[in-house]
Amino acid sequence: MSEPTNLRGNWNYPTSIRFGAGRISELAETCRSLGMSNPLFITDAGLAKLPVVTDTLALLARDGLPCGLFSEIQANPVGKNVEDGVSIYKKGGHDGVIAFGGGSGLDAAKAIALMVGQTRPLFDFEDREDWFTRVDPEGMAPVVAVPTTSGTGSEVGRASVITDESDHTKKIIFHPKMMPAVVIADPGLTVDLPPKITAAVGMDALSHSLEAYCSPFYHPMAQGIALESIRLVKNYLPTAVQDGKNIEARSQMMVASSMGATAFQKGLGAMHSLSHPCGALLNTHHGLTIAIVMPYVLKFNRSAVEDRIVALARYLNLPNPSFDAVLNWILSLREQIGIPHTLDAVGVKEEHIAELAKMAENDPSCGGNPIAVNAENLGKLYKDALAGRL
Ligand SMILES: [Zn+2]
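All values reported here derive from a predicted model rather than from experimental measurement.

*Asks:* Lay out the sheet that holds strand S1 (residues 8–11) with the relevant residues and their values.
*Replies:* Strand order in this open sheet of seven strands is S1-S2-S9-S6-S5-S3-S4, and the pairing throughout is mixed. Two strands lie at the open edges of the sheet, namely S1 and strand S4 (68–70), each paired on one side alone. Each neighbouring strand pair of the sheet contributes to a mean axis angle of 15°, computed without reference to strand direction. In terms of strand pairing, strand S3 (residues 40–42) meets strand S5 (residues 97–101) through three bridges, oriented parallel. Counted as the bridge partner of Phe41 is Ile98 from S5. Each of S3, S4, S5 and strand S6 (143–147) is contacted by helix H5 (residues 103–115), which is oriented at about 165° to S5, the strand it contacts most.

Encoded structure:
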């Protein structure tokens, strides 16, 4: 089967996605179609200075749509970033949100859109039991999401990960209506991403699909989406890293990223349980941390997932399809795109492990891991990933 060459489309699953290079030109019209006449453009501080933002703002001005700009969002956004955004939104009399960026910008923007019409504080809406029913859905602002990296997939997610400064934990804020109304997925926005970021976020996309694929929950649709997403990462991530201007590779990675986040409603696992505490405590890059721990977790889960990993090896057309074939493919992919093998590369030290393991045990992603995890075996995984013991 040959690959299609016209990489463009209008898709309504899981939400309306306008996909294709150059489609950022449809942003103003998309906002108007949702009733926005004065949206707040929300992105992170690092991105706000780059041409990808200034060019997009110029485009909106050209098309006669005035908007405010809020960019006081740090990597691994915190509750204060959301509060600040809400007050800017109210002061400016805005009527919708353009969520623009990688995971941090998109997650913070979605949380701000949720919070502009609520009376309770943000962390009352953490993804626990039925806490989402505390949200007044009438108070939520409409969102157009524009991803600028290919990894998080937050543009098609119904949740945001926000760090609670009071206890330094990452909390998942969830409501079914946090799914952006429209996504403009323009791979042209990602061509200037440096190779290191492309590699790290691409591995995050892979982990979403791989963990969803391995999770024990029943969700055949997610299972199928995960499988194809992994194939796209295998075929296109190395090119996207080596040749950032390659629009075909950038397009396929952007799709793989949205697919990964669609698939992970089936569940995540210990790759995410181990990475979230590193991000919360040491401010490590999410995708990079995930990429480092990936093979250790896969091997840890071997006895529970061997059959389906062999099926994955066949789908990926690996020679001698087996569990080891997939593990070796991941190891060589990591090497090829410059991912380090041990956690000391992101600043994790032996003395952090006890605290990290305790935090990891309480991470909501644990529930999707195919083998039950606890502070003890998670601590061992941290130690292995620090020493390079695979
Ligand atoms: Zn992730």
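*Asks:* For the coordination of the zinc ion, give the residues involved together with the corresponding values.
*Replies:* Surrounding the zinc ion are the protein donor atoms Asp204 (OD), His208 (NE2), His272 (NE2) and His286 (NE2), which sit 2.1 to 2.2 Å from the metal. If you look at the zinc ion, its four donor atoms make angles of 87 to 167° with each other, and the shape they trace is irregular. Sequence spacing of the donors to the zinc ion: D-x3-H-x63-H-x13-H. Of this pair, Asp204 sits in helix H6 (residues 195–214) while His272 sits in helix H9 (residues 270–282), placing them 68 residues apart in sequence. The exposure class of Asp204 is buried, given its relative accessible area of 5%.

*Asks:* So what's going on with the pattern of salt bridges? Which residues, and what values?
*Replies:* Pairing between side chains of opposite charge can happen when their charged atoms approach one another. Per the stated rule, a full pass over the model turns up 15 salt bridges. Across the pair Lys171 and Asp167 runs a salt bridge, and its minimum N-O distance is 3.4 Å. Taking relative accessible area as the criterion, Asp167 reaches 37% and is therefore assigned partly exposed. The closest approach of N and O atoms between Lys245 and Asp192, which form a salt bridge, is 2.6 Å. Taken together, the residues span a long stretch of sequence, with Lys245 in the loop between helix H7 (220–242) and helix H8 (247–263) and Asp192 in the loop between strand S9 (182–185) and H6 at a distance of 53 residues. In this pair, the class of Lys245 matches that of Asp192, namely exposed. Linked through salt bridges whose partners overlap, the residues forming this network are Arg18, Arg23, Glu26 and Glu29.

What counts and how
Residues numbered from 1 in each chain as written. Predicted model: local features only at pLDDT ≥ 70, side-chain atom pairs only at ≥ 80, totals over all residues. Heavy atoms only, no water. Pairing = 2+ DSSP bridges. Helix = DSSP H or I, 4+ residues; strand = E, 2+ residues; numbered from the N terminus. Axes fitted to C-alpha atoms, helices over the stretch in contact; angles between N-to-C directions. Contact = heavy atoms within 4.5 Å. Donors = N, O, S within 2.8 Å, 3.2 Å for Na, K, Ca; no water. Tetrahedral: all angles 85-135°; square planar, octahedral: opposite > 155°, others 65-115°. Buried < 20%, exposed > 50% of the residue type's maximum accessible area, 1.4 Å probe, protein only. Salt bridge = Lys/Arg side-chain N within 4 Å of Asp/Glu carboxyl O.

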